[in-house]
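# Coordinates in review
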Amino acid sequence: RRRIPDLTPERVCRSPGDELLAMLKRHSAEGVRAHLRRDPGAATAPFFDVSFDAPLVWAIRLRCGLDILRCLLDNGAVGDATEALERLC
């Protein structure tokens, strides 16, 4: 019997960054560290299903702590966070 793949929008649109974004929303530094240990490239990959912004921009937008920002930067996070910073000021 052939297996039919799950093509529901929730399943198809999920991206590997979902977990990282969830950790940022929870302000969980340990969760961010654990995720980046499993997937070091996640610090540099934009969130395609949200806004195409980089994790660093989201961390600033969500007002994450310095420990999370440092963790992202130590793992190569890049992105133009200027707009996010300007909104906070």
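Quick summary incoming for the structure in this document. (Residues numbered from 1 in each chain as written. Predicted model: local features only at pLDDT ≥ 70, side-chain atom pairs only at ≥ 80, totals over all residues. Heavy atoms only, no water.)

## Quick notes on unusual backbone geometry
- The residue histidine 27 is not glycine, and still its phi comes out positive at about 60 degrees.
- By secondary structure assignment, the location of histidine 27 is in the loop between helix H2 (18-26) and helix H3 (29-38).
- Backbone geometry places arginine 63, a non-glycine residue, at a positive phi of 60 degrees.
- Assignment of secondary structure puts arginine 63 in the loop between helix H4 (55-61) and helix H5 (66-74).
- Here arginine 63 falls in the exposed class, since its relative accessible area comes to 55%. (Helix = DSSP H or I, 4+ residues; strand = E, 2+ residues; numbered from the N terminus. Buried < 20%, exposed > 50% of the residue type's maximum accessible area, 1.4 Å probe, protein only.)

## Some thoughts on the pattern of salt bridges
- According to the stated counting rule, one finds four salt bridges in the structure shown.
- Of the charged contacts in the structure, one is a salt bridge between glutamate 19 and arginine 38, with a shortest N-O distance of 2.3 Å. Residue glutamate 19 is located in helix H2, and its partner arginine 38 is located in helix H3; the two are separated by 19 residues in the primary sequence.
- Classification of arginine 38 by relative accessible area gives exposed; the value is 54%. (Salt bridge = Lys/Arg side-chain N within 4 Å of Asp/Glu carboxyl O.)

## So, the packing of H2 against H3
- At a minimum axis separation of 9 Å, H2 and H3 run at an interaxial angle of 160 degrees. With respect to H3, the axis of H2 lies roughly antiparallel. Classified by chirality, the crossing of H3 by H2 is left-handed. Together, Glu19, Leu20, Met23 and Leu24 of H2 and Gly31, Val32, His35 and Arg38 of H3 make up the contact between the two elements. (Axes fitted to C-alpha atoms, helices over the stretch in contact; angles between N-to-C directions. Parallel < 35°, antiparallel > 145°, perpendicular 65-115°, else oblique. Left-handed = near helix turned anticlockwise from the far one by under 90°. Contact = heavy atoms within 4.5 Å.)

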